[in-house]
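Each chain, written out:
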Amino acid sequence: MTQVLPADRGLRRVIGDGEGQPDGTVDGLTPEDLVALYRNLVLLRTYDERSVVYHRQGRIGTYAIFWNHEAMQAGSAFALETRDWIFPSYRESAIGLLRGMPVSTVLSWWRGHPAGWWNPEEFGVASICVPIATHVPHAVGFAWGSWLKGEDRVAIAYFGDGATSEGAFHEGATFAGVTKAPAILFCNNNQWAISTPLAAQTAAATLADKAIGYGMPGLRVDGTDVLAVYEATREAVARARAGDGPTFIEAVTYRAAPHATADDPSIYIDPERVEEAKEGECVGRYERYLLRTGVLSEARAEEIRQEALELMRTGIAEAEAEPPADPALVFEHAYADPPPSLADDLAELRRILGS
Ligand SMILES: Cc1ncc(C[n+]2csc(CCOP(=O)(O)OP(=O)(O)O)c2C)c(N)n1
Ligand SMILES: [Mg+2]
C-alpha cells in the first residue's frame, strides 16, 4: 500500500546564519564529503558565471542562467549513486559536470554544436530537456523500467514551478504514484516561470501539497541550503531503493538572475527580493558554514575556485577548437523521406554560410 504522508509545509534547513540561527549537521557526511560538495558548487557557479560572459562575447548562444540554483543541483546529485540517472531541464544544463562530463561538451551544447550531444548511457545523464515537463514521464518510465528489470536504479527529474502546471507533469506524477517507480520529482521552485509569478501559476498553498494527490510524499526544503537539499534527496533515494515509490521535492528559492540571457526581468521582478536572494546566495552561504565550522580554509577555497576557472578556460578553448558543423545536420533526422524543398533550403544555407 502506498503510504501517503502529509506534505511538510515548513522548509527543511541545516545551515544557520552564523549568528542567532544555529547550524545543524547531516549524519554520515565526512569532512571530505563536505569539501567535495563545495567543489561541486564552485564548479557549477564558475560554469554559470563564465557562460554569461561567453554569451556576452558571442561565444555561446542564448543561455539559461542558473545562478543561485547550484545548491539544488549539487545537493541532490550528491545523494545519488553513479548508476542512478539524471533527467535535466535547461536549468540543469551543466549537471553532467558532476558526473565527469567535459566542460567543452556542455559549452558545445550551448554553441549548438554536435560535439555537445553526449551519449546518456555514458554519464547517466539524459539529454537536456527544453520543452517544459516533457522529461518527467521519461524519467518515471525509465525508473519503472529499471525496477521491472530488477536493476537498482533511481531516476531524478528536475523541473521548475511552472512545469507543475503542465499536462506532462501530471501524467508523469500519476504514473509514478501508480507504478511506485523509484523516481524523484525534483522541483526547483524559483517562483517564476519567465515572467509568470507563482501566484498566477497555482492556487495551491505549496507545490509540495500537489504530491498528496499523486499518492507520494512531498518534502519542502530551503533550495539555497545544499545540506538540506542533500538530506531530503537522500531520504527520497532511500524510499525509492526500498521499493516505497516516488517522492516529490519542492526546493524553494527566489530567482536572482534573469530567466535566460534573452530576458529582462527588471520589468516584472521584485528588486528587493532579488537583492535578498543575492545576499543569501547558496555558494557563499555554504562557504561561510564550512569556514566557521573549520572544515575549509580560505586558502583551500581559493585553490578550488582557481581549479574551476582553469577547467572553464580549457573547456571553452576545446569547444572553440571544434571544426564547424556541417549545416546539413540541421535538415537531417527530421524526415524519413525529406521533401525536395529541403535540398533547396540547404543549398541556400550553404550559400549564405559560404560552406
Ligand atoms: C512545453 C513548453 N511550453 C513553453 C515553453 C517556453 N518556456 C521556456 S522556459 C518557460 C518557463 C518555465 O518555468 P519553470 O517551469 O518555473 O522553470 P524555470 O525556468 O523557472 O527553471 C517557458 C514557459 C517551453 N519551453 N516548453
Ligand atoms: Mg520557475
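Our structure's up above, just so we're on the same page.
Since the model is a prediction, treat every value here as computed from it, not as a measurement.

Chemist: Even after reading the chapter, I still don't get the packing of aromatic side chains, so can you show me in this structure?
Modeler: Any aromatic ring pair is given by two values, namely how distant the centres are and how the planes are angled relative to each other. As enumerated under the stated definition, the model contains 17 aromatic pairs in all. Relative to Trp-110, the ring of Tyr-63 has its centre 5.1 Å away and its plane inclined at 75 degrees; by these criteria the two rings are edge-to-face. One end of the pair, Tyr-63, is in the loop between helix 1 (31-56) and helix 2 (70-77); the other, Trp-110, is in helix 3 (residues 103-110), and 47 residues separate them in sequence. Aromatic pair Tyr-158 and Phe-186: ring centres 5.2 Å apart, planes at 50 degrees, arrangement tilted. Highlighted residues: Tyr-158 in strand 2 (residues 155-160) and Phe-186 in strand 3 (residues 183-189), separated in sequence by 28 residues. There is no split in this pair, since Tyr-158 and Phe-186 are both buried.

Chemist: What is the right way to read the coordination of the magnesium ion (ligand 2) from this model?
Modeler: Six octahedral donors around a metal ideally make angles of 90 or 180 degrees; four tetrahedral donors ideally make 109.5 degrees. In this structure, Asp-161 (OD), Asn-190 (OD1) and Trp-192 (O) serve as the protein donors to the magnesium ion (ligand 2), at separations of 2.1 Å. In primary sequence terms, the donor set of the magnesium ion (ligand 2) follows D-x28-N-x1-W. Of this pair, Asp-161 sits in the loop between strand 2 and helix 6 (167-179) while Asn-190 sits in the loop between strand 3 and strand 4 (192-193), and the two are 29 residues apart along the sequence. Across the pair, exposure class does not vary: Asp-161 and Asn-190 are buried alike.

Chemist: Would you mind showing me how to read unusual backbone geometry here?
Modeler: At Ala-133, a residue that is not glycine, the phi angle is positive and equals roughly 75 degrees. For Ala-133, the location among the structural elements is in the loop between helix 4 (120-123) and helix 5 (135-148). Residue Ala-133 is classed as buried on the basis of its relative accessible area, which comes to 1%. Residue Gln-191 is not a glycine yet carries a positive backbone phi of 70 degrees.

Chemist: For this particular structure, what's the right way to read the nonpolar core?
Modeler: Note that soluble globular proteins tend to have their nonpolar side chains buried in a common cluster. Counting 79 residues, the largest nonpolar core has Tyr-47, Leu-107, Leu-227 and Tyr-286 as the members making the most contacts within it. Residue contacts for Tyr-47: discarding those within four places in its chain leaves Tyr-63, Phe-66, Ala-94, Leu-97, Val-103, Val-106, Leu-107, Trp-110 and Met-312. Residues Ala-143, Phe-159, Ala-163 and Ala-176 belong to the second largest nonpolar core, which totals 25 residues.

Chemist: Mind showing me how you'd approach the sheet that holds strand 7 (residues 247-252) here?
Modeler: Through backbone hydrogen bonds, the strands of a sheet pair up, either in parallel or in antiparallel fashion. On the basis of which strands lie adjacent, the open sheet formed by five strands has the order 1-2-3-7-6 and parallel pairing. A single partner strand is all that each edge strand has here, and the edge strands are strand 1 (85-87) and strand 6 (218-222). Neighbouring strand axes in the sheet, compared pairwise and without regard to direction, differ in orientation by 20 degrees on average. By the bridge criterion, five bridges tie strand 6 to strand 7 in an arrangement that is parallel. Following the sheet pairing, Val-221 is matched in strand 7 by Ala-251. Across the sheet, helix 5 is in contact with strand 1, strand 2 and strand 3; its angle to strand 2 comes to roughly 170 degrees.

Chemist: Would you explain the pattern of salt bridges in this entry?
Modeler: Side chains that differ in sign of charge can pair as their charged atoms come close. Tallying each qualifying case throughout the model produces 24 salt bridges. Notably, a salt bridge pairs Arg-241 with Asp-152, separated by 3.3 Å at the nearest N-O pair. Here Arg-241, found in helix 9 (residues 226-241), pairs with Asp-152, found in the loop between helix 5 and strand 2; they are 89 residues apart in sequence, far enough to count as distant. By relative accessible area, which is 24% here, Arg-241 ends up partly exposed. Residue classification places Asp-152 among the partly exposed residues on the basis of a relative accessible area of 38%. Notably, a salt bridge pairs Arg-305 with Glu-302, separated by 2.9 Å at the nearest N-O pair. Here Arg-305 and its partner Glu-302 are both found in helix 12 (residues 298-321), three residues apart, which amounts to about one turn of the helix. Assessed through its relative accessible area of 24%, Arg-305 is described here as partly exposed. Linked by salt bridges that have partners in common, Arg-83, Asp-84, Asp-152 and Arg-241 make up one network.

Chemist: Could you clarify how one ought to interpret helix 11 (residues 282-292) in this entry?
Modeler: The periodicity of an α-helix, 3.6 residues per turn, causes residues three or four positions apart to be oriented the same way. Of all 11 residues that make up helix 11, eight are buried, and the element is covered over most of its length. Within helix 11, the full set of buried residues consists of Cys-282, Val-283, Gly-284, Arg-285, Tyr-286, Glu-287, Tyr-289 and Leu-290. The backbone nitrogen of Val-283 has a side-chain oxygen 2.9 Å away, supplied by the residue at the start of helix 11, namely Glu-281.

Chemist: For this particular structure, what's the right way to read the pairing of strand 7?
Modeler: Across a regular strand the side chains alternate sides, sitting on one face of the sheet and then on the other. For strand 7, a buried count of six out of six residues is recorded, marking the element as mostly surrounded by other parts of the structure. Here strand 7 shows a buried face lined by Thr-247, Ile-249 and Ala-251 and a second buried face lined by Phe-248, Glu-250 and Val-252. Relative to strand 7, strand 3 runs parallel, the two being bridged by six bridges. Of the residues in strand 7, the one forming a bridge with Asn-188 is Ala-251. The parallel pair strand 6 and strand 7 is bridged by helix 9, and the resulting crossover is right-handed.

Chemist: Honestly, a nonpolar patch on the surface in this entry has me stumped. Any pointers?
Modeler: On the surface, Trp-144, Trp-147, Leu-148 and Phe-175 cluster together into a nonpolar patch covering about 390 Å² of accessible area. Element by element, the count of residues in the nonpolar patch is highest for helix 5, at three residues. Looking at where Trp-147 falls in the secondary structure, it is placed in helix 5.

Chemist: Would you take a moment to explain the packing of helix 1 against helix 11 for this structure?
Modeler: Each packed pair of helices is defined by two parameters, the angle between the axes and the distance between the axes. The interhelical angle for the contact between helix 1 and helix 11, taken along N-to-C directions, is 155 degrees, at an axis separation of 10 Å. Here helix 1 lies roughly antiparallel to helix 11, going by the angle between them. Taken as a pair, helix 1 and helix 11 cross one another with a handedness that is left-handed. Along the contact surface, helix 1 presents Leu-34, Leu-37, Tyr-38, Leu-41, Val-42 and Arg-45, while helix 11 presents Cys-282, Val-283, Tyr-286, Glu-287 and Leu-290. Here the contact of helix 1 with helix 11 is built from residues that sort into nine nonpolar, no polar and two charged.

Calculation criteria
- Residues numbered from 1 in each chain as written.
- Chains lettered and ligands numbered in written order.
- Predicted model: local features only at pLDDT ≥ 70, side-chain atom pairs only at ≥ 80, totals over all residues.
- Heavy atoms only, no water.
- Phe/Tyr/Trp six-rings, centres within 6.5 Å; stacked < 30°, edge-to-face > 60°.
- Helix = DSSP H or I, 4+ residues; strand = E, 2+ residues; numbered from the N terminus.
- Buried < 20%, exposed > 50% of the residue type's maximum accessible area, 1.4 Å probe, protein only.
- Donors = N, O, S within 2.8 Å, 3.2 Å for Na, K, Ca; no water.
- Core = buried A, V, L, I, M, F, W, Y, C linked by side-chain atoms within 4.5 Å.
- Contact = heavy atoms within 4.5 Å.
- Pairing = 2+ DSSP bridges.
- Axes fitted to C-alpha atoms, helices over the stretch in contact; angles between N-to-C directions.
- Salt bridge = Lys/Arg side-chain N within 4 Å of Asp/Glu carboxyl O.
- Polar contact = N/O pair within 3.5 Å; in protein donor to acceptor, adjacent residues only side chain to side chain.
- Right-handed = clockwise from strand over helix to strand, strands pointing away.
- Patch = residues over 30% accessible without salt bridge, like charges linked within 9 Å, V, L, I, M, F, W, Y side chains within 5 Å.
- Areas by Shrake-Rupley, 256 points an atom, 1.4 Å probe, with all protein chains shown as cover.
- Parallel < 35°, antiparallel > 145°, perpendicular 65-115°, else oblique.
- Left-handed = near helix turned anticlockwise from the far one by under 90°.
- Nonpolar A, V, L, I, M, F, W, Y, C, P; charged D, E, K, R; others polar.

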